[in-house]
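Chain and residue survey
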Amino acid sequence: MQNNEHISQSVRLAMEQYFRDLDGEIPASIYDMVLACVEKPLIEVVLTHTQGNQTRAAELLGLNRNTLRKKMKSYDLI
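Small disclaimer: the values here were computed from a predicted structure and weren't measured.

A look at the packing of helix H2 (residues 30–49) against helix H4 (residues 65–74)
One way to put it is that H2 packs onto H4 with a least axis distance of 10 Å and a crossing angle of 120°. The element H2 and its partner H4 pack so that their crossing is left-handed. Contact residues: Glu39, Ile43 and Leu47 in H2; Leu68, Lys71 and Met72 in H4. The residue inventory of the contact of H2 with H4, partitioned by class, reads four nonpolar, no polar and two charged.

Now the structure itself:
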């Protein structure tokens, strides 16, 4: 799928820029940082797409509805 390639390329470019911007600083917890940066807007966009239907959003995301609600709460989306 071309969309998957676009997302992958966007992440690749963003991470390459991130390392350039470090300017010698030592990064830590990169995985958690990237997930936190991506997860909130992902959930927001899917919820908008489903017009706020959490059950449908959870299905599209491949999550349990309770897991989605927990993530929404952690990002102050509810």
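What about the packing of aromatic side chains?
Applying the stated criterion across every chain, the model contains one aromatic pair. Their ring planes at 70° and their centres at 5.5 Å tell us that Tyr18 and Phe19 sit as a pair that is edge-to-face. Under the relative-accessibility criterion, Tyr18 is labelled partly exposed at 23%. In this structure Phe19 comes out as partly exposed when scored by relative accessible area, which is 42%.

Thresholds, definitions, all that
- Residue positions are given per chain, counted from 1 along the sequence in the order it is written.
- Where totals are concerned, whole chains, interfaces and linings use all residues; where local detail is concerned, this predicted model gives features only for residues with pLDDT of at least 70, and gives and counts side-chain atom pairs only at 80 or more.
- Computation of side-chain values covers all heavy atoms of the structure but excludes hydrogens and water.
- A fitted line through C-alpha atoms represents every axis, and for helices the fit uses only the stretch in contact; the resulting angles, taken between N-to-C directions, go from 0 to 180 degrees.
- A run of H or I in DSSP becomes a helix once it reaches four residues, and a run of E becomes a strand once it reaches two; helices and strands are each numbered from the N terminus.
- Handedness of a helix crossing follows the sense of rotation of the near helix relative to the far helix, less than a right angle counterclockwise being left-handed and clockwise being right-handed.
- Here, two residues are considered to be in contact whenever any of their heavy atoms come within 4.5 Å of each other.
- Amino acid classes used here: Ala, Val, Leu, Ile, Met, Phe, Trp, Tyr, Cys and Pro are nonpolar; Asp, Glu, Lys and Arg are charged; the rest, including Gly, are polar.
- What counts as a ring pair is set by centres within 6.5 Å for rings of Phe, Tyr and Trp (its six-membered ring), and what kind of pair is set by the plane angle: stacked under 30 degrees, edge-to-face over 60, tilted for all other angles.
- Three labels apply to residues, based on accessible area from a 1.4 Å probe with only protein chains included: buried if under 20% of the type maximum, exposed if over 50%, partly exposed otherwise in between.

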